[in-house]
Amino acid sequence: MANKIVKYQLEGGTIPSWIEDGGYYPDPSEIMIGATVDGSSEVGLGELASEADVETYLDTYTSSWTEEDPNDPDATIPFDQAAAAAHIWSKKIG
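Parameters and conventions
Residues numbered from 1 in each chain as written. Predicted model: local features only at pLDDT ≥ 70, side-chain atom pairs only at ≥ 80, totals over all residues. Heavy atoms only, no water. Buried < 20%, exposed > 50% of the residue type's maximum accessible area, 1.4 Å probe, protein only. Helix = DSSP H or I, 4+ residues; strand = E, 2+ residues; numbered from the N terminus. Pairing = 2+ DSSP bridges. Axes fitted to C-alpha atoms, helices over the stretch in contact; angles between N-to-C directions. Parallel < 35°, antiparallel > 145°, perpendicular 65-115°, else oblique. Left-handed = near helix turned anticlockwise from the far one by under 90°. Contact = heavy atoms within 4.5 Å. Nonpolar A, V, L, I, M, F, W, Y, C, P; charged D, E, K, R; others polar. Core = buried A, V, L, I, M, F, W, Y, C linked by side-chain atoms within 4.5 Å. Lys, Arg positive; Asp, Glu negative; His and termini not counted. Salt bridge = Lys/Arg side-chain N within 4 Å of Asp/Glu carboxyl O. Arc of directions from axis to C-beta.

## Section: the pairing of strand β6 (residues 72-78)
Taken across its seven residues, β6 has zero buried, putting it largely on the surface. With four bridges connecting them, strand β5 (residues 66-69) and β6 associate as antiparallel partners. Paired with glutamate 68 across the strands is threonine 76, a residue of β6.

This is the structure in structure tokens:
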């Protein structure tokens, strides 16, 4: 079987039953990225069909984000969209 990487929103404040692992990188309108349950036909608000698609989508709203510098907890570095996309894509089965 296989799952999908999709964009989705909470349903009445609850994670949809067809999301196995999600809540990643919500955008300003609270659209998140997640992996569907294995075998699900759901595509939510749109499927992200490749790691590159995930990165491209993240690029649309995370360009000003920063994260803690792993070498200096008092400093920040630019958010790494490529690393975030790779992490999300690692949730893909099949």
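Having seen the structure, we can now continue with the description.
## Quick look at the packing of helix α1 (residues 51-59) against helix α2 (residues 81-89)
What describes two packed helices is the angle between their axes and the distance between those same axes. Relative to each other, α1 and α2 sit at 135°, their axes nearing to 8 Å. Judged on the interaxial angle alone, α2 and α1 are oblique. Here α1 runs over α2; the crossing is right-handed. On α2, the residues touching Glu51, Val54, Glu55, Leu58 and Asp59 of α1 are Gln81, Ala82, Ala84, Ala85, Ala86, Ile88 and Trp89. Class assignment for the residues of the contact of α1 with α2 results in eight nonpolar, one polar and three charged.

## Quick word on the environment of serine 50
One can find serine 50 in the loop between β4 (46-47) and α1. Along the backbone, serine 50 and glycine 94 are 44 residues apart, and their C-alpha atoms lie at a distance of 12 Å.

## Brief notes about the nonpolar core
Among the nonpolar cores identified, the biggest contains 14 residues, and Ile5, Ile33, Leu48, Val54, Tyr57, Leu58 and Ile88 are the most heavily contacted of them. Contact partners of isoleucine 33, with chain neighbours within four places excluded, come to Ile5, Val6, Tyr8, Gly22, Gly23, Tyr24, Leu48, Val54, Tyr57, Leu58, Tyr61 and Ile88. Membership of the second largest hydrophobic core comes to five residues, among which are Val6, Tyr8, Trp18 and Met32.

## Points about the side chain of lysine 7
Of note, lysine 7 is situated in strand β1 (residues 5-8). As a buried residue without a salt bridge, lysine 7 has its nearest oppositely charged side chain in aspartate 27, at a separation of 7.6 Å. Apart from residues lying up to four places away in sequence, lysine 7 is in contact with Ile31, Met32, Val43, Gly44, Leu45, Gly46, Leu48 and Tyr57.

## Remarks on α1
Every buried residue of α1 is accounted for by Val54, Tyr57 and Leu58. One side of α1 carries all its buried residues, which in axial view fall inside an arc of 100°. Of the surrounding secondary structure, the elements contacted by the buried residues of α1 are β1, β3 (32-36) and α2.

## Observations concerning unusual backbone geometry
With a phi close to 50°, tyrosine 25 is a non-glycine residue in the positive phi region. Note on placement: tyrosine 25 falls in the loop between β2 (19-24) and β3. Positioned with a positive phi, glutamate 30 is a non-glycine residue whose angle comes to about 65°. Take glutamate 30: it is sitting in the loop between β2 and β3.

These figures come from the coordinates and say nothing about function on their own.
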